[in-house]
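Understanding the architecture of this molecule
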Amino acid sequence: SVEGEQVAIAIYRTLLDTASSMDNEFRADVLINMADSYRQLDDPRTALDLIDQAIALYPETGNRTNWAKAHQFRATACWNLGRKEEALEEIKVALSFTRSPDLRARLILKHAKYLKELGQFEQAYERMNAYRLCHDTLLKEKYNEGIALAKVRFETTEKEHRLLEQEQALLLAEEAQRRRAI
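The structure presented is a predicted model; accordingly, all values stated were derived computationally and were not measured.

Definitions and limits used
Residues numbered from 1 in each chain as written. Predicted model: local features only at pLDDT ≥ 70, side-chain atom pairs only at ≥ 80, totals over all residues. Heavy atoms only, no water. Phe/Tyr/Trp six-rings, centres within 6.5 Å; stacked < 30°, edge-to-face > 60°. Helix = DSSP H or I, 4+ residues; strand = E, 2+ residues; numbered from the N terminus. Buried < 20%, exposed > 50% of the residue type's maximum accessible area, 1.4 Å probe, protein only. Lys NZ or Arg CZ within 6 Å of the ring centre and 35° of its normal. Salt bridge = Lys/Arg side-chain N within 4 Å of Asp/Glu carboxyl O. Axes fitted to C-alpha atoms, helices over the stretch in contact; angles between N-to-C directions. Parallel < 35°, antiparallel > 145°, perpendicular 65-115°, else oblique. Left-handed = near helix turned anticlockwise from the far one by under 90°. Contact = heavy atoms within 4.5 Å. Nonpolar A, V, L, I, M, F, W, Y, C, P; charged D, E, K, R; others polar.

Re the packing of aromatic side chains
Scanning all chains against the criterion turns up two aromatic pairs. Ring geometry for Trp-67 and Phe-97: centres 3.9 Å apart, planes at 20°, overall stacked. Highlighted residues: Trp-67 in helix H4 (residues 64-80) and Phe-97 in helix H5 (residues 84-97), separated in sequence by 30 residues. In this structure, Trp-67 and Phe-97 share a single accessibility class: buried. Ring geometry for Trp-79 and Tyr-114: centres 4.0 Å apart, planes at 0°, overall stacked. Within this pair, whereas Trp-79 is found in helix H4, its partner Tyr-114 is found in helix H6 (residues 101-117), the two being separated by 35 residues in sequence. For Trp-79, a relative accessible area of 9% corresponds to the buried category. The exposure class of Tyr-114 is buried, given its relative accessible area of 6%. The cationic tip of Lys-84 hangs over the ring face of Trp-79; the distance from NZ or CZ to the ring centre is 4.0 Å.

Below is the structure:
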């Protein structure tokens, strides 16, 4: 809601004004969140100004993923301001920063959508193919992780069962030895 976004902006401003000791990464994250609130209020110009401030802080943090996300947000703001070519360049910059396969897939998809809207269908098609490859790889990784996790859980349960059997056998042996001693 509009009121909710305005309250959020007020909180972010207070946070930025009063927390002089916050590190640059936290400050950049607050700026990005505030920019998102302005985007929700359909004010891409203010959002873009805040995003630019955040982008200036990220190189010092070393957080490449958040830096890439900031460029992704900048692309959206540029797109909403009608600066289409700049938006395409921002997506490329974001792709150059990210090492996250999930973020890479989302960026490629956004790039494809922008190209399609600009009527660059052949390039959009190529980007969609790249997205499908990324997406398929992510799905395969998640599937393989799930299989590996299930295997580890099964093996752990199996080992716990064997340990219980061994403990039970020891208890039985001790009981038998105790009876012989009587």
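Details of the pattern of salt bridges
Per the stated rule, a full pass over the model turns up 10 salt bridges. Of the charged contacts in the structure, one is a salt bridge between Arg-74 and Asp-52, with a shortest N-O distance of 2.5 Å. Of this pair, Arg-74 sits in helix H4 while Asp-52 sits in helix H3 (residues 44-61); the two residues are 22 residues apart in sequence, bridging distant segments of the chain. Asp-52 gets classed as partly exposed once you look at its relative accessible area, which sits at 29%. A salt bridge links Arg-178 to Glu-175, with the nearest nitrogen and oxygen atoms 2.4 Å apart. Here the residue Arg-178 and the residue Glu-175 both occupy positions in helix H7 (residues 121-181), the gap between them amounting to three residues, near one helical turn. A relative accessible area of 44% places Arg-178 in the partly exposed class. A relative accessible area of 27% places Glu-175 in the partly exposed class. One network of salt bridges, in which partners are shared, links Asp-52, Arg-74, Arg-83, Glu-86 and Glu-90.

A short note on the packing of helix H1 (residues 2-18) against helix H2 (residues 24-40)
It is the contact of H1 with H2, at a shortest axis distance of 9 Å, that shows an interaxial angle of 155°. Between H1 and H2, the angle is such that the two are roughly antiparallel. With respect to the hand of their crossing, H1 and H2 are arranged in left-handed fashion. Residues Glu-5, Ala-8, Ile-9, Tyr-12, Arg-13, Leu-15 and Leu-16 of H1 form the contact with H2, whose own contacting residues are Phe-26, Arg-27, Val-30, Leu-31, Asn-33, Met-34, Ser-37, Tyr-38 and Gln-40. For the contact of H1 with H2, the class distribution of residues is 10 nonpolar, three polar and three charged.

Keep in mind these numbers describe shape, not what the thing actually does.
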